[in-house]
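Observations on chain architecture
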Amino acid sequence: MRNETFTGGPGLTVLDPPETTVQPPVEAPLAGIQKHDDLGLAFRHSGWARERQLVDDALVALGAPDHRIAAFRGCGRDAWVYRSEQHPEQHRIRADYCHSRWCIPCAVHRSTVTAARIRDWLGDLPARFLTLTLAADNEPLAHRLDRIYAAFRRIRRTSWWRSRVQGGCACVEVKWSVKSAHWHPHLHILCHSAYLDQKDLSREWHIATGDSYIVDISLVEDAGQAAGYVAKYTAKPAPTSTYRDADRLQEMMLAMHGRRLLLTFGDCILPKKPAEEDPDTWVRVQSLDEILWKVQRGVPVAPEILALLRLETPCKMTPESPLCRGSPRPQPPPFLN
């Protein structure tokens, strides 16, 4: 897919073409969640409030359509806790989600699903993990991404590649070098292939790029671990530090707009759904807002639900402090997007 930007007026670069229909008014910015029915939304985004505000500011500054901004701001609303009929001790959460690639909670879910799809495709066949890098320069990120995508297309068209690699998937990882103050994109690739000599791959990559030769090859020992490593970059294209810098975040959002984060090639056809799709039937129990409201006021809540939400009992939550994080949450609760 081409990387396109559009002009919405003098000096304004936008992420999408101007809307041709009247859009409903966008809600106020994210600062200050006050309403009772926003507790579930606040809980979902409690771990990245500062970064989320910067993403919101960037969407507005770049002229994103009103419906995209509204979806981003409303991600996590109408959240309900569900119980499995087959396994009553198991609970899940469902809500309205924005599915934006810049929303970290949505990215976590997307990464889990993508990792399962890649793992199912890898199967038990031998696989290799490749990393292809670009030589450092001071070009804008969009230009460097164009280069690495184009070079990857060129190397895949060579007889050397086609005679050795059957198929695979690739994702781009983008880092910002603080020391040299430039963008550093590189490709991570999982593939089924014959033996690949690192010197030969380096030579072919240098021909494809014109100036870059640093590559890495390793044999995949744990398919699930390798799939998870690749999937996390397809779901979260920006490093955490970029979310905290407004200018770099906007540059990256524009540079990544319209680009596929997961590339497949050769005989790689990923399953649409993971093989281990949840077969259970889920029954609605109670809204997340009501549960959090109870926790705020010390009303007893089922231990299974408190465990789902990673909340302690008693919880140091007050009506003035809508988020309860009595215990660390390295991973968000299992929302079903």
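Residues numbered from 1 in each chain as written. Predicted model: local features only at pLDDT ≥ 70, side-chain atom pairs only at ≥ 80, totals over all residues. Heavy atoms only, no water.

It is worth spelling out the pairing of strand β6 (residues 165–177) at this point. Sheet topology note: the β6/strand β7 (residues 182–193) ladder contains 12 bridges and is antiparallel. Counterpart to V165 in the pairing with β7 is S193. Counted between consecutive antiparallel strands, the loop separating β6 from β7 contains 4 residues, among which A181 sits at a positive phi close to 55°. In terms of strand pairing, β6 meets strand β9 (residues 262–266) through 5 bridges, oriented antiparallel. (Pairing = 2+ DSSP bridges. Helix = DSSP H or I, 4+ residues; strand = E, 2+ residues; numbered from the N terminus.)

A separate point is the confidence of the model for the chain. In low-pLDDT segments, the atomic positions of the prediction should not be examined closely. Of the residues in the chain, 80% reach a pLDDT of 70 or more, and the chain-wide mean stands at 80. Counting interchain partners and residues more than four positions distant, the pLDDT-below-50 stretch residues 1–14 has 28 contacts. (pLDDT = per-residue confidence, 0-100. Contact = heavy atoms within 4.5 Å.)

Attention now moves to the pairing of strand β3 (residues 80–84). Remark: a regular strand shows side chains that alternate across the two faces of the sheet. Pairing of β3 with strand β4 (residues 91–94), which is carried by 4 bridges, proceeds in the antiparallel orientation. By the bridge assignment for β4, Y82 is matched with R92. Between the antiparallel neighbours β3 and β4 lie 6 residues.

Let us now look at the nonpolar core. Core analysis: the biggest nonpolar cluster contains 66 residues, and V55, F152, W161, I189, L201 and L309 have the highest contact counts within it. Membership of the second largest hydrophobic core comes to 16 residues, among which are L190, A226, V230 and L262. (Core = buried A, V, L, I, M, F, W, Y, C linked by side-chain atoms within 4.5 Å. Buried < 20%, exposed > 50% of the residue type's maximum accessible area, 1.4 Å probe, protein only.)

Moving on, we come to the packing of aromatic side chains. Taken as a whole and judged by the stated rule, the model has 8 aromatic pairs. Relative to W183, the ring of W176 lies with its centre 5.1 Å away and its plane at 70°, an arrangement referred to as edge-to-face. We classify W183 as buried; its relative accessible area is 2%. Ring-pair connections join several aromatic residues into one group, and the members of that group are W48, F72 and Y243. Over the face of the ring belonging to F72 we find R52, whose NZ or CZ atom lies 5.4 Å from the ring centre. R94 extends its terminal NZ or CZ atom over the ring of Y82, reaching a point 4.9 Å from the ring centre. (Phe/Tyr/Trp six-rings, centres within 6.5 Å; stacked < 30°, edge-to-face > 60°. Lys NZ or Arg CZ within 6 Å of the ring centre and 35° of its normal.)

With that settled, consider the pattern of salt bridges. One pass over the structure, following the stated rule, counts 10 salt bridges. Linking R147 and D137 is a salt bridge whose minimum nitrogen-to-oxygen distance equals 3.7 Å. Remark: D137 occurs in the loop between β5 (128–133) and α5 (141–156) and R147 occurs in helix α5; sequence separation between them is 10 residues. D211 is the partner of R147 in a salt bridge, and the nearest nitrogen-oxygen pair spans 2.9 Å. One end of the pair, R147, is in helix α5; the other, D211, is in the loop between α7 (198–209) and β8 (215–219), with 64 residues separating them in the sequence. Beyond isolated ion pairs, a larger network of salt bridges with shared partners links D137, R144, R147 and D211. (Salt bridge = Lys/Arg side-chain N within 4 Å of Asp/Glu carboxyl O.)

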